[in-house]
Each structure stands twice: as C-alpha cells, then as structure tokens.
Amino acid sequence: MGLDIRWPIGIMFTLISVLLVIEGALAGPSPKALGMNIDLWWGIVLLVFGVGMLLGAARSGRKKNEGGK
Amino acid sequence: MQPIHLAWVDYAILLAYTGFVIGIGFALRRYLKTSSDYLTSGRSIPAWVTGLAFMAANLGALELVGMAANGAQYGIATAHFYWVGAIPAMIFLAVFMMPFYYGSKARSVPEYLNMRFDYRTRCVNSISFAVMTVFASGISMDALARLLNLLLGWDYNFALLITSAVVLVYVLKGGLTSAIYTEVLQFFMIVLGFAPVVWLGLKDVGGWTTLKERLAQVAQHPAALALNDKTFAPDAWSSAWKPILAGSEHNPMGVNVFAMVFGLGFVLSFGYWCTNFLVVQRAMAAKDMSAARRTPLIATVPKMIFPVLVILPGMLAVALATIPGKLYRLPPVPIAESAYAPAIADLKAATPDTADAAFDKISRDVGLKMDKAKVAAIIKANSLSPVSDPALKAELQDAVGENYYNGVILSLIKRYCPAGLLGLALTALLASFMSGMAGNVTAFNTIWTYDLYQAYIAPKKSDRHYFIVGQATTVVGIVLSIFCAYFASHYSNAMNIIQLVFGFVNAPLFATFLLGMFWARTTATGAFIGLLGGTATSALFHALTLATGDVPGIKGGYIHVVTYFPSEMAQNFWLASFAFSVCFILTLVISLATKRTKSDAELKGLVYSLTPRLKDGEQHFLLRPAVLGVILLIACVILNIIFW
C-alpha cells in the first residue's frame, strides 16, 4: 500500500508526547500517580517511540526511492 | 459512578487520535480503485502490519474490560486464554491452514467452504457470520456509548451517533486497509496507554512478591471480597496450572484439566482463531504467501505478553482491595437509576428497630445482593439526623455487595491517572471500542458483498458495481449496528447472548474445517449435515445444562436441567467440546456413507494431501513458518512453566 503506516503512528505519538510533557511540566508531580511526575516521564517515553517510528519511515522511504530509480 | 472531569489536555489527546483515524481514511482513499482494494486490501500489506492488526482485531474493548474482570475473578489462570488457547491455535493456522486459505485465492472463509464443499455450507456460514458481526459491532457501540455516558456524562444517543459517524467515515473512505491501519494504531495506543497504569498499580501494591502474598490471602478468604463462597489453596489466584490440575473444586474457575485443554485449548480457541473470518481476513490481506503465514506468527509475540497488560490489572485490583490502608474496593454493581426512588423511600421509612425487614425490602427494590451491616448503618444514621437524597444514593450504592468486575479496569484508570495520562488511557479504551466496530463492519462488508450478494443475488456484474455495493454495505452495516446497539441497550444480557451464539457457531465449524482440509474423503453433504448437527447439539446442550447459582433461562437449562456445572466458564468449555465432537463424528460417518462430488483435481490447493508442499527451503531457516512456529511454541511452554 502506498502509505507507510509508521508516518501516522509517529506523528500522532510525537504530538501526544508533546502534550503530555507540557502538562507534566506545568502540573508537576501528581499525588494520584504515587507522587511521580508520570506525565513528564511517560511523555518522554512516547516521544522516543514516536520519533523512532518517524525515523524508521523516513529511512525506508529513502531506500525505496533509491531502489526505484 | 461520578462522571470523571477531563482537562483540556485529555480532550486534546482524544481529538488527536480521532483526527488521525479519520485522516488515515482520507489518505488511503486515493489508493482504492477496485472492489478488491476496498474489501480485501488488494492483498498488499506487509506482514508486521497485518500481524499487529491480526492481534488487535480481537482486542476489542470487550476483551480489555473482560480480561481484567476475569483476572480479578479467577486470577492468573485467565492467562490460559492466551497461553493454552490462542498461541497454539495461531501457530496451527500459520503453519497448516494459511496455505489453503491464501493459496486457494478465496476472498473469505465462506468462499473457501464453497470451493471445498458446496454452496450449502457457504450459505450457512455466511449468514450466521454476517448476523454475528452486526450484533458484535452493535454491542461494542452500546458498550462504548454507555461508557461515555457514565464517564463523561455524554448523552447516550449523542455518544452512539458521534462514534458511529467516526467509524463510518474512515471505513467508507479507506475500506479494509483503513480498518487494518487503525487497528495497528490502536495496538500501540493500548500498549502505551495501559502500561503506565499497570506499572503504577504494581508499584502501589508493592511488587510481584507482595502481590502473591496478597493473592494468597484472597484465595483463602475470597468471601471477604464477595469473590467466591468457597475457600481455596493459597496459590489459587497466583498459579496457572496447579489449582486446575487439583480438580474443578480447587480453582475459582471451576474447570478441570480436560475442559481446559480440550474445551478451551483445542475446540474453542482453534474454532475462533482458525475459522473466524474477522481475524483470518487480516492474514488474507497480506502481500504474499509467506507474509500471510507470518501474520499469525508475528501476532503470537505480543499475544504472549499481553496478559501483563490485560489480566494483571484485575489481579492487582483484588490484591489492593485486601490492603486496608489503600482505601480501594472492587467497584460494586451500579444500581439502576429507576431503582433508587423506591429504595430511598424504604430507607427513609425504616427505623433501627425495623432494619431487618427493611433490609429485605431494600434488597428487593435494588435487585442486588446488599451488605446487611452497611444498610443497617445507613438506616441508623438517617434516623438520627436525616441525610440528603444524593448522599443516600451514594451510600446505597456503596452498600451493594456484588462486584462489578467489568468496572475494574476503569476504577484503576481513575485511581492512578492524573490529567494527561487519563486522556491517554481513556483514548486507548475508546480506540479499542471503535476498532472493534470497524473490524466487524469490514468483515460484514466482504461477506455480504462476495458471499451473499455476488454469489446469490447479483452475480456477474462489473467490478465497479461490487465496489459501490461494498461502500453501500458499509453504510447499511453501520445503520444495522446502531439498531443492534439500541436492541442491546434494552437487554442487560445481550452480551451473554452473543457469546453464546459465537460458541454455537464456531466450535462445530472447526470440526468441519479440520476434516475438510486434512481428509479428502469428506463430502459436501457430510460437512453440511455435520455442521447443522453440531450447532443443534450446542443448542440442546445449552438447553439441558446450567451453571450452579444461575436461574434457568438465557444462561441455559430452559428445557430441563440435567447437569449442573460449577461455573459458566466450565459450562461453556463442555458445550464446545460436545458440539465439536458431534460435528466431527457426524461429518465422518455421513462422508463415508455418501459419494464424493469433487474430484482430486478440483480439490488441489484445498486439501492437505492433494496439494504440493510449499517450498520453504528458499527462505532463511529461521524464517520458515514451521521453524518459527516451533520456536514460538517452546517460548509459550516456558511461560506456562514459569507461572506453573
């Protein structure tokens, strides 16, 4: 199929991770999450995941273009 | 339950997900040209994508919510649905059955049945499957609308319409590919949305060792949490096999080894994973034979570790409930809105002297088992100084003595998630509901368009015609699902009905496939009568048996109760075993008594012994399906031993 699914996955999780990091930075640690700043930390995890997906998609897209020509 | 307050960040995450799902539908639209692109994805998707979709298609919210519920009720033995049930069946599908499904060029499971047998078995299977998908999607929608109503205070009708509109748009635009892509998105959403909740829960309980100690306490006094009337050995919630090997009296599921291994492990699981078009369709959309065979194999890897995400939360919840300082209780069954008025009137009329009589009356008003001491305390407090109606409502709800297991996962999300994480976890939950609907609607599309419309109503039309019919079917399918959702909303036991029907249809069907694929002598008449006989056996078995504690009716025993089973799960496993055996024997005997209608040449590619072996030799040794299958099976056995 023409669309590499890693693009939408990567963009969406990067976007969500940014939202979480901002919320975490503004709100600080939460007593609900056992006193941890779970939004900030989990936001960073999601950011790594999202960017990883984007890199994967970009790399295989470049390979395909070179292979095609 | 009090509606949860969502912050802007929660809504933003929810919107981002919805936006991407719809966006994918639009982005894929330009790749769709033929009916096959729309209904079977033109067989073009890479294996890791179909593999994750294969797994996620089954990961509807009913599974997420239900597995946590089972984890609380039965403990780690629930993992058998994965380790004994799903994994071997998925490997069998990949190694033995996929070559016939994919190699025959059939576009659906019923179409394969038509090639192997004749139109009769195809017709029975397509109709029963089409009906099931519409109901399953309707029940998913109803559950989602109820959840939105309960959680966010949205209007039920509005919630129903808005979610079906989202699904309609992305399935209509992107067809099966869109559904599959969304399932992959949903897969990551669930993993990344639930993982922090589980981690926080485990940390809160105090780690795995403390969890086991707490579960030992639960097993010895399950009545304290209203889990079970019996008492069990300390490891009943934390060991997967020992309590089951000890016999049906010694585990909260009430099943023995035979029912577990044959009923669940063999019949129910193989029936579901190997013949249910909803999941098989994902593998059929793969880009080539080896991708199709790798699809279920890839799916086994996340499937093996998923119990951590879906079953562990249930176990954590019961463990938490035993720790007094944690102020956690298993959610009680919600009281129906209409039951409050009479119950509160009776509460107010009662005095501490008449508390016993009032307790019986109030229990009847509410229609649930109530906690006597708590009700007496409310009556006492109210007679000293009158309590306001809303406060009485809340106290009454708290006094319910029955657990609402399906609410376990939500109660944990509510407990641990601050704004932000809350949005993520709820989006994961909503995603699973929506993709449950989409999966069923796309399967319904293919079956209706190819197996009913093209086969019996309007054969030999142009491809454009079927493309348009496919799209129209999406609209019709969703409208029918909405009707089913309203139907389901009127019957609290709609869920039970559909699960029952699944059992009725799937269990005998696997016998038909097993004989059809591996025994060339199986005849069309044998398969047809065997399938009908097997389904009839399910119905009869259900009408004659009952789980202890249930009333005859929808749960069984409506003709006459011949045998009682210790639990509904045991009843289910035995029903499947019987239906399978009857279908197997009937098909076998009738096939021997009737003439074959198809020659060996016609059955080439459809029956194991008449099909040339696939050449796996060209692939790397470790990538061959059989080799991969064995490795995965060993990994699964090791998991079983670790949690023995």
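Residues numbered from 1 in each chain as written. Chains lettered and ligands numbered in written order. Predicted model: local features only at pLDDT ≥ 70, side-chain atom pairs only at ≥ 80, totals over all residues.

(A) Region of the structure containing the overall build of chain A. Secondary structure assignment for chain A yields two helices and zero strands. In chain A, buried positions account for 32% of the 69 residues. Here the analysis covers contacts within chain A between residues at least 6 apart in sequence; of these, 60% occur between residues at least 24 apart. (Helix = DSSP H or I, 4+ residues; strand = E, 2+ residues; numbered from the N terminus. Buried ≥ 20, exposed ≤ 12 C-beta atoms within 10 Å, placed from the backbone. Contact = placed C-beta atoms within 7 Å.)

(B) Focus on the overall build of chain B. Secondary structure summary: chain B contains 26 helices and two strands in total. Over its C-alpha atoms chain B spans a radius of gyration of 25 Å, differing by no more than 12% from the 26 Å that the globule rule assigns to 644 residues. Along the first, second and third principal axes, the C-alpha atoms of chain B reach 85 × 50 × 45 Å. Relative to its full complement of 644 residues, chain B shows a buried share of 56%. Sequence-distant contacts in chain B: of pairs separated by 6 or more residues, those separated by 24 or more amount to 79%. (Rg over C-alpha atoms; globule rule 2.2 N^0.38 Å.)

(C) Summary view of the interface of chain B and chain A. If you look at the interface, chain B gives 31 residues, while chain A gives 23 residues. Looking at the side of chain B that touches chain A, the elements with two or more residues in it are helix 1 (8-29), helix 8 (156-205) and helix 21 (421-457) of chain B. Split into classes, the residues belonging to the side of chain B that touches chain A amount to 25 nonpolar, four polar and two charged. (Nonpolar A, V, L, I, M, F, W, Y, C, P; charged D, E, K, R; others polar.)

(D) Highlighting the packing of helix 8 of chain B against helix 22 (residues 463-490) of chain B. All names here are of chain B. Two numbers describe how helix 8 lies on helix 22: the axes approach to 10 Å, and their chain directions differ by 160 degrees. What the angle tells us is that helix 8 and helix 22 run roughly antiparallel. With respect to the hand of their crossing, helix 8 and helix 22 are arranged in right-handed fashion. Contacts from Leu160, Ser164, Val167, Leu168, Val171 and Leu172 in helix 8 reach Gln471, Thr474, Val475, Ile478, Ser481, Ile482 and Ala485 in helix 22. A per-class count over the contact of helix 8 with helix 22 returns nine nonpolar, four polar and no charged. (Axes fitted to C-alpha atoms, helices over the stretch in contact; angles between N-to-C directions. Parallel < 35°, antiparallel > 145°, perpendicular 65-115°, else oblique. Left-handed = near helix turned anticlockwise from the far one by under 90°.)

(E) Expanded view of the domain arrangement of chain B. As far as domains go, chain B holds domain 1 (8-219 + 276-323 + 410-490), domain 2 (337-402) and domain 3 (493-612). The C-alpha-based centres of domain 2 of chain B and domain 3 of chain B are spaced at 48 Å. (Domains from an automatic or database assignment.)

(F) Seen up close, the nonpolar core. All names here are of chain B. Within the largest apolar cluster, 222 residues are counted, with the highest numbers of intra-cluster contacts made by Met315 and Ala425. By residue number, the principal contributor to this core is helix 8, which donates 22 residues. Residues lining this core come from more than one domain, with at least three contributed by each of domain 1 (8-219 + 276-323 + 410-490) and domain 3 (493-612). Beyond its immediate sequence surroundings of up to four residues, methionine 315 is in contact with Gly71, Ala72, Gly75, Ile76, Leu211, Leu215 and Trp237. (Core = buried A, V, L, I, M, F, W, Y, C linked by C-beta atoms within 7 Å.)

(G) Looking closely at unusual backbone geometry. Residue and element names in this part refer to chain A. Unlike most non-glycine residues, leucine 34 shows phi in positive territory, near 55 degrees. Inspection of the secondary structure assignment puts leucine 34 in the loop between helix 1 (6-27) and helix 2 (38-68). Classification of leucine 34 by C-beta neighbours within 10 Å gives partly exposed; the count is 13.

(H) Structural context of the environment of Asp229(B). Residues and elements named next belong to chain B. One can find aspartate 229 in the loop between helix 9 (207-220) and helix 10 (242-245). Note on aspartate 229: 9 C-beta atoms within 10 Å, which makes it exposed. Expressed as a C-alpha distance, the spacing of aspartate 229 and proline 252, which sit 23 residues apart in the sequence, is 9.6 Å.

(I) Looking closely at the confidence of the model for chain B. Residue and element names in this part refer to chain B. Looking at chain B, pLDDT values average 83 and 96% of them are 70 or higher. Element-level mean pLDDT values for chain B span from 72 in helix 2 (residues 35-40) up to 89 in helix 15 (residues 312-321). We note a pTM of 0.86 for the whole complex and an ipTM of 0.92 for its interfaces. (pLDDT = per-residue confidence, 0-100.)

(J) Spotlight on helix 5 (residues 80-103) of chain B. Residues and elements named next belong to chain B. The largest bend in helix 5 amounts to roughly 65 degrees and is located at methionine 97, with the proline proline 99 lying one to four residues further along. A large share of helix 5 lies buried, amounting to 22 of its 24 residues. Lysine 105 sits one or two residues past helix 5 and shows a positive phi near 65 degrees. (Bend = angle between axes of the 7 residues up to and from the residue.)

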